[in-house]
Amino acid sequence: MKYAFYPGCVARGGAPELYDSALAVMERLGIEHVELTKAACTGAGVLQEKNLKMGDILNVRTFAMAEQMGLPIMVLCSTCQGVMSQANHRVKRDPEYLAEVNKHLAAEGLEYKGTTSIKHLLWALIEDIGLDKLKETFTRELTGMNMAPFYGCYMVRPTDALEFKENPTRETSLEDLIEAVGGTVTDFAGKTACCGFPILFINQANSMKMVANHTGTAKDLGADAMVTPCPLCHLNLDGYQPKARKQVRGDKADLPVIHVPQLIGLAMGMSEKALGLQKHIVSTKDMVRKAEALPVKV
Amino acid sequence: MPDTMNVKLRVKRYDPADSGGKTWWQEYEVDIHPDSTVLDALIQVREHEDGTLAMRCACRASICGSCGMKVNGSAKLVCKTRVIDISPNGEQMTIEPMGNQHVVKDLVISLDTFFNQIKRVEPYLKPSFVPEQGEYTASNASMENLLTSMNCIMCGCCVSDCTVLEVDSNFIGPAALAKAWRFTEDPRDSKRDERLKALNDEDGGMWDCTRCMKCVDVCPKGVAPMDRIMEMREAAIAAGNTNTSGYRHTESFYNSVKKNGRLDETRLAIDSAGWTNIPRLLDLAPIGIAAMRKGKLPPLMPHKSEDHKKVRDLYKSVEDES
């Protein structure tokens, strides 16, 4: 498989370990990629609050670049996935609007025909590679590791733009992955809720309550770590966990929040350093030790 | 297709008369017609298994908005929800009262929370003129524009599942904000700017929505409250309301992509706090230092996308157009 790779701003900024671990996992799987270095930010739904059409034009420009290369887009971020899927959904169902958007792209010699698909690494692994094939690359079963899924709003809503009906595995993709690595799912109601990141700078008190509730609840239920396909959720749930837990629950940050390729990398036997697990704010040491103590397959 | 199917229900019960107000889970099993709704199954329980089960319903046709409940964790009108779609293989389903609202008994919630939120937006027309003749008129197109919000049947599903209300009962909520939008867009109303300013300025107003889309997902009538909130934010900004972190956040994001083709995370944090807001800036510092120590501070000088000048040209072509 080969993808037009769109890592997103956060994987290239505040969460570099996501970029590094994704590349390591993709290389192990023989997934080829061409990075879309000329593409712009998706707007993350924020830019769209000021100018929805501007956001759609920026995203359609990215789709047209991938279309010219004849490749599907792979993203590493729930928010990129959701915002791009919504833009794609809007222009694909309205040819007049697409023509209007394309007018702005003509100066760059781009025209989008509506054929690009956008897949998060998590979806691509399940839908294009297959969990059975993925499992063949694992050297260790993460038996007894309790993992709480945390999707990020944009990976679960709205389901029509995300094409859940056409791709029924998407609804339980994280749980399926956790089970594929041999782990146990720590199920909790907050897994499809908001992490609080979008209001971090607007209403920090509310944002902190969300961080403390989600990480505290998962920990109380026995989770060793939380795993998320969204680096924005990660920034808030990991970076602000010490502050949130102290402020809201009066306890300490104790739940590592890891990225999807880091979980896969652990099952592939990759080192803590190769996966950037030492770069987290909440220590991943206990979790890594527990994983490394598990027997290696021969 | 067989004549009946078996439904297993796990219902959250609450009896205020019990000492201290007891909550417990109760399991039921009934045989119903395969086309039945979840409401049909609950009525079957109440009529044949357990007459003490309290619930509210009326029209059975998703018009009255009485039967909102949580089915497997998500708010739904149970009269509009078929059993077979929830439990295609006879799986047990979980029924709870709606969230974020006071439970009266079992599956019945109080409507006070909902209507107190609605009242906060003064949901009635405020015209500042009296037409010389006849009625206040509005064009067909202007009314069609309002159809989304006017479809609201006040069932409370959006309020139930709102992720902000879960942590902040002062948030005005998705239903009330969608209702407010309806009045800001109505040509017969004369208080558009005042309404936008009030919802822009007040604690728990339009900027406290996290854009999680739960309300869009659970609304049974296509109101899409969050989309209405986004339109109101755009309108509030256009009307000159620039005094909020929300505005600064949006503006900084917009300009960062314009300048770099990418997001400048460091600048976004500082812009949103406000460059002269010393306490907020000091608050950011420890987070920045912790990130730096782990080798993950976003670069102080932002990465630019390779073709960022072309992105700027695009911005210009869109901005010139409007």
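Residues numbered from 1 in each chain as written. Chains lettered and ligands numbered in written order. Predicted model: local features only at pLDDT ≥ 70, side-chain atom pairs only at ≥ 80, totals over all residues. Heavy atoms only, no water.

Asks: Outline the overall build of chain B, supporting the account with residue identities and numerical values.
Replies: The helix and strand tally for chain B stands at 14 helices and 7 strands. Every one of the 322 residues in chain B was classed for burial, and the buried ones make up 49%. A fraction of 64% describes how many contacts in chain B between residues 6 or more apart in sequence connect residues 24 or more apart. With the model as given, the accessible surface of chain B reaches about 15,400 Å², and the carbon-plus-sulfur share is 50%. (Helix = DSSP H or I, 4+ residues; strand = E, 2+ residues; numbered from the N terminus. Buried < 20%, exposed > 50% of the residue type's maximum accessible area, 1.4 Å probe, protein only. Contact = heavy atoms within 4.5 Å. Areas by Shrake-Rupley, 256 points an atom, 1.4 Å probe, with all protein chains shown as cover.)

Asks: Help me get a handle on the interface of chain A and chain B, residues and values and all.
Replies: Counting residues at the interface gives 58 residues for chain A, matched by 52 residues for chain B. Carbon and sulfur atoms make up 60% of the surface buried where chain A meets chain B, a total of about 5,100 Å² over both sides. It is A:E49, A:K50 and A:F201 in chain A that bury the most area against chain B; as a group they hold 17% of the surface buried on that side. Joining chain A to chain B, the criterion identifies 4 salt bridges. Between B:R233 and A:E49 there is a salt bridge, and its shortest N-O distance comes to 2.2 Å. Secondary structure elements with two or more residues in the side of chain A that touches chain B: α1 (16-29), α2 (47-50), α3 (52-69), α5 (95-105), α9 (204-220) and α10 (231-239) of chain A. (Buried area = accessible area lost by both parts, 1.4 Å probe. Salt bridge = Lys/Arg side-chain N within 4 Å of Asp/Glu carboxyl O.)

Asks: Residue-level account of the sheet that holds strand β6 (residues 184-185) of chain A, with values.
Replies: Residues and elements named next belong to chain A. Taken in spatial order, the 4 strands of this open sheet run β6-β5-β7-β8, and their pairing is parallel. Each edge of the open sheet carries a strand with a single partner, namely β6 and β8 (257-259). Two elements, strand β5 (residues 146-149) and β6, share 2 bridges in a ladder whose sense is parallel. The residue bridging N146 from the neighbouring strand is T184, located in β6. (Pairing = 2+ DSSP bridges.)

Asks: Could you give an account of the side chain of B:R211, naming the residues involved and the relevant values?
Replies: Residue position: B:R211 is located in the loop between α8 (192-201) and α9 (214-218). For B:R211, the side chain forms a polar contact with the side chain of A:Y154, separated by 3.4 Å. (Polar contact = N/O pair within 3.5 Å; in protein donor to acceptor, adjacent residues only side chain to side chain.)

Asks: Any chance you could break down the packing of aromatic side chains for me, citing the residues and the numbers?
Replies: Scanning all chains against the criterion turns up 6 aromatic pairs over all chains. Arranged with centres 5.1 Å apart and planes meeting at 75°, the rings of B:F114 and B:F115 form a pair that is edge-to-face. Using a relative accessible area of 31% as the deciding quantity, one classes B:F115 as partly exposed. Ring centres of B:F129 and B:Y136 lie 5.4 Å apart, and the angle between their planes is 65°; on these two criteria the pair is classed as edge-to-face. Look at B:Y136 and you get partly exposed, because its relative accessible area is 32%. Over the ring of A:Y19 we find A:R12; its NZ or CZ atom is 3.9 Å from the centre of that ring. Its guanidinium or amino end placed over the ring of B:W24, B:K22 lies 5.2 Å from that ring's centre, counting from NZ or CZ. (Phe/Tyr/Trp six-rings, centres within 6.5 Å; stacked < 30°, edge-to-face > 60°. Lys NZ or Arg CZ within 6 Å of the ring centre and 35° of its normal.)

Asks: Please provide a residue-by-residue account of the sheet that holds strand β2 (residues 22-32) of chain B, values included.
Replies: All names here are of chain B. Ordered by their spatial adjacency, 5 strands build an open sheet running β2-β1-β5-β3-β4, and the pairing between neighbours is mixed. Two strands close off the open sheet at either side, each with one partner strand: β2 and β4 (74-77). Across the sheet, the mean angle separating the axes of adjacent strands is 35° when strand polarity is ignored. The strands touched by helix α1 (residues 38-49) within the sheet are β1 (5-15), β2, β3 (68-71) and β5 (93-96), with β2 carrying the most contacts at an inclination of about 100°. (Axes fitted to C-alpha atoms, helices over the stretch in contact; angles between N-to-C directions.)

Asks: A description of the pairing of β3(B) should follow, citing residues and the corresponding values.
Replies: All names here are of chain B. Burial along β3 is two-sided: G68 and K70 facing one way and M69 and V71 facing the other are all buried. Pairing between β3 and β4: 4 bridges, direction antiparallel. Paired with V71 across the bridge in β4 is S74.

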